[in-house]
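Residue-level structure breakdown
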Amino acid sequence: MTYGMSSVDAVSRAVPEAAARAGTVAELGSVLSQHLATLLPHDGYLLSGFDPVTGARCFLACENSYSSRARRRMDRANALGRTRRPVADLLHGPCPAVVLGAGAQDPCPDTHRLHGLMAADDYGSELCIALSRRGVARGALVLLRERTSRPFSPTEKTRAAQLAEPLAAAVTRYVTDKPLRPRQVHLPPAIVVVGKNDEIAGATPTGREALRGILPGVYPAGEQELFSFIWHITYTARRTAMPAITRAPTPLGWFSLQAHPLDGAMTGDTVVTLQPAPPVELLPALAQWYGISPRERAVIEQALQGLAAKQIARRLNLSPHTVNDHFKAVYRKTGVTGRDELIACL
């Protein structure tokens, strides 16, 4: 089957607009899958959004995809640099797409293990697309074909590479076309302890309630897999034995998810904290998502300290007129109506 450039161009134009209208992560994954189906037929998909500052997963949408158990095993394999090619390799390589499993032209070192993981869920071929915009990772899209379907071809890999940037724009539009709004729900910090054996060693009651509240908007997990959302950030922290953080856009507002390895050990217990993202943690991620310039970010930081425009101007060696221009630019980018609403949103 062949496709003309006009088809690729049409999909490239359509997916950002469709993504902007999606109300949930599940809707986002569904509309992207529908638009890609004509060019890249697939039996299932897995769409991950990345924190643009840290690269850790901040949301997930999937349909007819790997089981939660398989996703957890793959998260661990990815964090340890095993089995599947890390998305970082694709972001900095010559091509942002790769075929894994059947149809792979450049198989990864642990091909046998990969086939085992895929075959356990009856998948035979995987097309992974790294999504980056202006050099910043926004996410990854994995398209799946069952073992009874034909593998992804080199031609389809080329088509996927051509669509990588429009898909990154689509993920960005999904986040940024929704104006910032003050958080309506104020949940206390939630704490979960992951033991070195990868089992949940303990969790605060608020931890369970917080996960129940935000999971429908960021991760396809039910009560049986209540803690699925924390595995990726846990393995991210263990990879470096350093704290890891991601900021997740949810229907209830922005939340931060932090993982801290105890005693700085890669194989020990890990404490994961989920809480409404405080301004000092949220602003770096918002600046990347909404295209807020370094100078605009500096103005916001001063405003968060309660300074008036004239005081900000003196501190930053700017004119009050320039400070107000920066505020107006931030209002336009984030969709807020003024300074009070901006501060409330943060």
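Just so you know, the residues in each chain are numbered from 1, in the order the chain's sequence is written. The model is predicted, so local features are restricted to residues of pLDDT at least 70 and side-chain atom pairs to those at 80 or more, both for listing and for counting; the totals for chains, interfaces and linings are taken over all residues. As a convention, hydrogens and water are excluded, and side-chain values are obtained from all of the structure's heavy atoms.

Two aromatic rings, drawn from Phe, Tyr or Trp (for Trp, its six-membered ring), form a pair once their centres lie within 6.5 Å of each other, and the interplanar angle then sorts them: stacked below 30 degrees, edge-to-face above 60, tilted otherwise. Per the stated rule, a full pass over the model turns up five aromatic pairs. Between Phe327 and Tyr331, the aromatic rings sit 6.0 Å apart at their centres with planes inclined by 20°, giving stacked as the arrangement. Pair noted here: Phe327 and Tyr331 are both in helix H12 (residues 320-334), with a separation of four residues, about one helical turn. Numbering of helices and strands starts at the N terminus; helices are DSSP runs of H or I of at least 4 residues and strands are runs of E of at least 2.

As a further point, take the sheet that holds strand E6 (residues 190-194). An order of E7-E6-E10-E9-E8 is seen for the five strands of this open sheet, with the pairing classed as antiparallel. Looking along the sheet, the strands with just one partner apiece sit at the ends: strand E7 (200-203) and strand E8 (244-250). The mean inter-strand angle of the sheet, taken between neighbouring strand axes irrespective of direction, is 20°. At least two bridges found by DSSP between two strands is the condition for calling them paired. Sheet topology note: the E6/strand E10 (residues 270-276) ladder contains five bridges and is antiparallel. To obtain each axis, a line is fitted to C-alpha atoms, and for helices this fit is confined to the stretch in contact; angles are then taken between N-to-C directions over 0 to 180 degrees.

The next subject is the packing of helix H11 (residues 309-316) against H12. The geometry of H11 relative to H12 is characterised by a closest axis approach of 8 Å and an angle of 105° between their N-to-C directions. For the element pair H11 / H12, the angle class is roughly perpendicular. Facing H11, whose interface residues are Ala309, Lys310, Ile312 and Ala313, H12 presents Pro320, Val323, Asn324 and Phe327. Roughly parallel covers angles under 35 degrees, roughly antiparallel covers those over 145, roughly perpendicular covers 65 to 115, and oblique covers all other angles. Between two residues, a contact is recorded if the distance between any of their heavy atoms is within 4.5 Å.

Note that Val218 resides in helix H7 (residues 205-218). For the pair Val218 and Ala248, spaced 30 residues apart in sequence, the C-alpha separation works out to 7.4 Å. Discounting chain neighbours no more than four positions away, the residues touching Val218 are Val25, Cys58, Phe59, Leu60, Phe229, Ala248, Pro249 and Thr250.

This part covers the side chain of Arg138. Residue position: Arg138 is located in strand E5 (residues 136-146). Burial classification: accessible surface area is computed with a 1.4 Å probe over protein chains only, and a residue below 20% of its type maximum counts as buried, one above 50% as exposed, and the rest as partly exposed. The sign given to each residue is positive for Lys and Arg and negative for Asp and Glu; His and the chain ends receive no count. In what follows, salt bridge is the name for a side-chain nitrogen of Lys or Arg lying within 4 Å of a carboxyl oxygen of Asp or Glu. Summary of buried charges: Arg138 has no salt-bridge partner, and the nearest side chain of opposite charge, Asp51, is 9.0 Å away. At 3.4 Å, the side chain of Arg138 forms a polar contact with the backbone oxygen of Gln288. Contact partners of Arg138, with chain neighbours within four places excluded, come to Ser48, Gly49, Phe50, Pro52, Leu131, Ser132, Arg133, Ala168, Val171, Thr172, Gln288 and Trp289. Under this definition, polar contacts are N or O atom pairs within 3.5 Å; protein pairs additionally need one hydrogen-donor-capable and one acceptor-capable atom, and for neighbouring residues in sequence, both atoms have to be side-chain atoms.

Turning our attention to the pairing of strand E9 (residues 253-261). Counting buried residues along E9, eight of its nine residues qualify, which places the element largely inside the surrounding structure. With seven bridges connecting them, E8 and E9 associate as antiparallel partners. Directly across from Ala244, in E9, lies its bridge partner Ala259. Joining the antiparallel neighbours E8 and E9 is a turn of two residues. Relative to E10, E9 runs antiparallel, the two being bridged by seven bridges. Pairing of Ser256 across the sheet is with Gln275, part of E10.

This brings us to the environment of Thr155. Mapped onto the elements, Thr155 comes out in helix H6 (residues 154-176). Taking the C-alpha atoms as reference points, Thr155 and Leu40, separated by 115 residues in sequence, lie 9.9 Å from one another.

Spatially, five strands are ordered E2-E1-E5-E4-E3 in an open sheet, and the strand pairing comes out antiparallel. Among the strands making up the open sheet, the edge pair consists of strand E2 (57-63) and strand E3 (97-101). The sheet shows a mean angle of 15° between the axes of neighbouring strands, taken without regard to direction. With six bridges connecting them, strand E1 (residues 44-50) and E2 associate as antiparallel partners. By the bridge assignment, Gly49 is partnered in E2 with Phe59.

Two residues of an α-helix separated by three or four positions point the same way, owing to the 3.6 residues in each turn. Glu296, Ala298, Val299, Ile300, Gln302 and Ala303 are the residues of helix H10 (residues 294-304) that are buried. On the buried face of H10, the contacting elements are helix H9 (279-290), H11, H12 and helix H13 (339-345).

This part is about the nonpolar core. Take the buried residues of types Ala, Val, Leu, Ile, Met, Phe, Trp, Tyr and Cys, join any two whose side-chain atoms come within 4.5 Å, and each joined set is a nonpolar core. Membership of the largest hydrophobic core comes to 105 residues, with the highest contact counts inside it found for Leu127, Leu141 and Phe229. Top element by residues in this core is H6. It accounts for nine residues.

Here we take up the pairing of E1. Most of E1 sits out of view: seven of its seven residues are buried. Side-chain alternation along E1 places Gly44, Leu46, Ser48 and Phe50 on one buried face and Tyr45, Leu47 and Gly49 on a second face that is also buried. Note that E1 and E5 share six bridges and pair antiparallel. Its bridge partner being in E5, Gly44 is matched across the sheet by Leu144. Where E1 folds back onto E2 in an antiparallel hairpin, the turn is made up of six residues, including Gly55, whose phi is positive at roughly 80°.

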